[in-house]
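Secondary and tertiary structure notes
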Amino acid sequence: MRWRALKTKKDPKPSKPITLFAPFWSRAAGFATDIFMIGIPISLITMSLFGYDQMHSASGLDVLMHDPKAQTNPPNPIGSIIQMSLFLITYVWLWHRSGQTPGKKLARIRVVDASTLQNAPYWKLILRFIGYFLSFITLIGFFVGLFRKDKRALHDLISGTAVIRVA
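Quick look at the structure, then. All residue numbers here refer to positions counted from 1 along the written sequence of the relevant chain. Residues qualify for local features only when their pLDDT is at least 70, as the model is predicted, and side-chain atom pairs are given and counted only at 80 or more; totals for whole chains, interfaces and linings, by contrast, use all residues. Side-chain descriptors were evaluated using all non-hydrogen atoms of the structure, hydrogens and water having been removed beforehand.

**Quick notes on helix H2 (residues 24–50)**
In an α-helix, one turn spans 3.6 residues, which is why side chains three or four residues apart end up on the same side. Going by this rule: Where helices and strands are cited, they refer to DSSP runs of H or I of at least four residues and of E of at least two residues respectively, numbered from the N terminus. Expected span, for any helix, means 1.5 Å times one less than how many residues it has. At any given residue, the bend is defined as the angle formed between two axes, one fitted to the seven residues that end at that position and one fitted to the seven that begin there. Accessible area is worked out with a 1.4 Å probe on protein chains only. A residue is then buried under 20% of its type maximum, exposed over 50%, and partly exposed in between.
With 27 residues, H2 should reach 39 Å at 1.5 Å per residue; the first-to-last C-alpha distance of 36 Å fits that figure. At Gly39, H2 is bent by approximately 35°, the largest bend along its length, and proline Pro41 sits one to four residues beyond. All buried positions along H2 are accounted for by Phe24, Arg27, Gly30, Thr33, Asp34, Ile38, Gly39, Ile42, Ser43 and Thr46. Looking one or two places after H2, you find Gly51, whose phi comes out positive at around 90°.

**With respect to the pattern of salt bridges**
Selection rule: Take a side-chain nitrogen of Lys or Arg and a carboxyl oxygen of Asp or Glu: if they are within 4 Å of each other, that pair is a salt bridge.
Going through the model one piece at a time under the given rule, you end up with five salt bridges. The partner of Arg128 in a salt bridge is Asp156, and the shortest N-O contact between them spans 2.9 Å. Remark: Asp156 occurs in helix H10 (residues 154–159) and Arg128 occurs in helix H8 (residues 122–138); sequence separation between them is 28 residues. The exposure classification of Arg128 matches that of Asp156, with both residues buried. Connected through salt bridges with shared partners, the residues Arg27, Arg128 and Asp156 form a single ionic network.

**Concerning the packing of aromatic side chains**
The cut-off we apply is this: Each Phe, Tyr or Trp ring, with Trp reduced to its six-membered ring, pairs with another whose centre is within 6.5 Å; inter-plane angles below 30 degrees give stacked pairs, above 60 give edge-to-face pairs, and intermediate values give tilted ones. In this scheme, Lys NZ or Arg CZ marks a charge over a ring once it lies within 6 Å of the ring centre and within 35 degrees of the ring normal.
Using the criterion set out here, one finds ten aromatic pairs in the structure. Ring geometry for Phe24 versus Trp25: centroids 4.8 Å apart, planes at 80°, classification edge-to-face. Ring geometry for Tyr132 against Phe142: centres 6.3 Å apart, planes inclined by 35°, an arrangement best described as tilted. Here Tyr132 is found in helix H8, whereas its partner Phe142 is found in helix H9 (residues 140–143), with ten residues between them in sequence. In this structure an aromatic cluster arises from ring pairing among Phe31, Phe87, Tyr91, Trp95, Phe129, Tyr132, Phe133 and Phe142. Directly above the ring of Trp95 sits Arg128, whose terminal nitrogen or CZ lies 4.7 Å from the centroid.

**Some remarks on helix H6 (residues 77–98)**
Counted at 1.5 Å a residue, the expected span for H6 with its 22 residues is 32 Å, and the 32 Å between its end C-alpha atoms agrees. Those residues of H6 that sit buried are Gly79, Gln83, Phe87, Tyr91, Val92, Leu94 and Trp95. Just past H6, the residue Gly99 takes up positive phi, approximately 80°.

In structure tokens form, the structure reads like this:
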């Protein structure tokens, strides 16, 4: 090879792998599946511990809105706290263990730390779970990802997590 050819030839730099962020509909399908696969068993556990009436009591929102239902059938705060604690423990443990809940596994998506793209630490996942409520209250929090390149919703932005596709 001639010197000039060697001089102009450059070493290829290793390219950064392309991260495919999960689209809105995959995330929504995973979330809907989780409502049934995780939500129903937890609701059955709560119902077996606190009775059938707990499932038909007024919600916290009914109490805040002064709904008459809240006066006739007030919610049991202990039952609600235990139910939310079971949800928190289940979701955070599954996200930390593999990055996937059953619905996310079915949708082939995974929750990761946004900066490292590895399993997120517990504190970020707890923040993400709390961020779900902010996304739910505003509703627009879930749809923020439609307008972002990285598809991150409000709860992902708050916690520093991202949802990526899994091959």
